[in-house]
Amino acid sequence: MPARTEGKNQRVVASGVTTAQPVAFAANGLEGRYAIALYDLAAEQQQLDTVLDEGDALARLIDESAPLRTVLEDRRLDLLVSRKAVLAVLEAQGFGQILRNFVGVVADNRRLPVLRRILAALDALAVARRGEVVAEVSSAVALTAEQRTQLQARLAEAGYSRINIREQVDSSLLGGLVVRVGAKLYDASLKTRLFRLHYAMKGAA
């Protein structure tokens, strides 16, 4: 499982950032209740960091695997078949017992379609309780380990030593990154660059 750092979770980052507020966590709602239950259980078992790492890894796996998303979201599939398939994936990927048991409960309660949102709520809960700042990073393809390290270094240079990077893949960006920290946005995507080039050429015609 990938190691959790003070700057983790990815999307695209902002230039000229100065300050940003930690993300607030709303405890109400289905996802929030499940997230709190898993967070508190992991803390009680002294496995919080491990479970948070695995939650992030599972969220990325869901984002990157269309077949897994189909198993989670297709309500036409038999419950036992879906449960068995998802747990088999978790075991094969090396996820720990706490997270596997939790996902089993989610499946038993017929909540697999919202598992990804539960994991997002878990991450938001961890950020809120740790007082971290969130950088949302969107990229056309999943970031490599080297790119994540470089991104964290750039954010640290901008004054964000305790930053939580949330990743999201958005193929419509074509290339590059979009990074948001609080109200600050840095858009270095190929889609935006092409858009600006189009209007620059149109104005010069």
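This text gives an overview of the structure that appears in the document. On a predicted model such as this, the values are computed, not experimentally measured, just so you know.

1. Quick notes on the nonpolar core
Among the nonpolar cores identified, the biggest contains 35 residues, and Leu 58, Val 103, Leu 112 and Leu 115 are the most heavily contacted of them. Where this core is concerned, the elements lending two or more residues are α1 (30-44), α2 (48-64), α3 (66-73), α4 (79-92), α5 (97-108) and α6 (115-130). Filtering out sequence-adjacent residues up to four positions away, Leu 115 remains in contact with Leu 58, Ile 62, Leu 72 and Val 103.

2. As for the packing of α1 against α2
Relative to each other, α1 and α2 sit at 140 degrees, their axes nearing to 7 Å. Comparing their axes, α2 and α1 come out oblique. For the pair α1 and α2, contact is made by Leu 38, Tyr 39, Ala 42 and Ala 43 and by Leu 48, Val 51 and Leu 52, respectively.

3. Things to note about a nonpolar patch on the surface
A surface patch of nonpolar side chains, amounting to about 480 Å² of accessible area, comprises Leu 174, Leu 190, Leu 194, Leu 197 and Met 201. Mapped onto the elements of the fold, Leu 190 is located in helix α8 (residues 190-204).

4. Quick notes on the pattern of salt bridges
Taken as a whole and judged by the stated rule, the model has six salt bridges. The closest approach of N and O atoms between Asp 63 and Arg 116, which form a salt bridge, is 3.0 Å. Of the two residues, Asp 63 is situated in helix α2 and Arg 116 in helix α6; the sequence distance between them amounts to 53 residues. Residue Arg 116 is classed as partly exposed on the basis of its relative accessible area of 22%.

5. A look at the pairing of strand β3 (residues 177-181)
Sheet analysis places strand β1 (residues 133-139) next to β3, joined by five bridges and oriented antiparallel. Following the sheet pairing, Ser 139 is matched in β3 by Leu 177. As paired strands, β3 and strand β4 (residues 184-187) are joined by four bridges and run antiparallel to one another. Directly across from Val 179, in β4, lies its bridge partner Tyr 186.

6. Quick look at the packing of aromatic side chains
Within this structure, the stated rule accounts for one aromatic pair. Where Tyr 34 meets Phe 102, the ring centres are 6.2 Å apart and the plane angle is 75 degrees; that geometry is what we call edge-to-face. With Tyr 34 in helix α1 and Phe 102 in helix α5, this pair connects stretches of sequence that are 68 residues apart.

7. Concerning the packing of α3 against α4
The interhelical angle for the contact between α3 and α4, taken along N-to-C directions, is 145 degrees, at an axis separation of 9 Å. Pair α3 / α4 crosses with left-handed handedness. Residues Leu 68, Val 71 and Leu 72 of α3 lie in contact with α4, whose contacting residues are Ser 82, Ala 85 and Val 86. When grouped by side-chain class, the residues that make up the contact of α3 with α4 number five nonpolar, one polar and no charged.

Rules used throughout
Residues numbered from 1 in each chain as written. Predicted model: local features only at pLDDT ≥ 70, side-chain atom pairs only at ≥ 80, totals over all residues. Heavy atoms only, no water. Core = buried A, V, L, I, M, F, W, Y, C linked by side-chain atoms within 4.5 Å. Buried < 20%, exposed > 50% of the residue type's maximum accessible area, 1.4 Å probe, protein only. Helix = DSSP H or I, 4+ residues; strand = E, 2+ residues; numbered from the N terminus. Contact = heavy atoms within 4.5 Å. Axes fitted to C-alpha atoms, helices over the stretch in contact; angles between N-to-C directions. Parallel < 35°, antiparallel > 145°, perpendicular 65-115°, else oblique. Patch = residues over 30% accessible without salt bridge, like charges linked within 9 Å, V, L, I, M, F, W, Y side chains within 5 Å. Areas by Shrake-Rupley, 256 points an atom, 1.4 Å probe, with all protein chains shown as cover. Salt bridge = Lys/Arg side-chain N within 4 Å of Asp/Glu carboxyl O. Pairing = 2+ DSSP bridges. Phe/Tyr/Trp six-rings, centres within 6.5 Å; stacked < 30°, edge-to-face > 60°. Left-handed = near helix turned anticlockwise from the far one by under 90°. Nonpolar A, V, L, I, M, F, W, Y, C, P; charged D, E, K, R; others polar.

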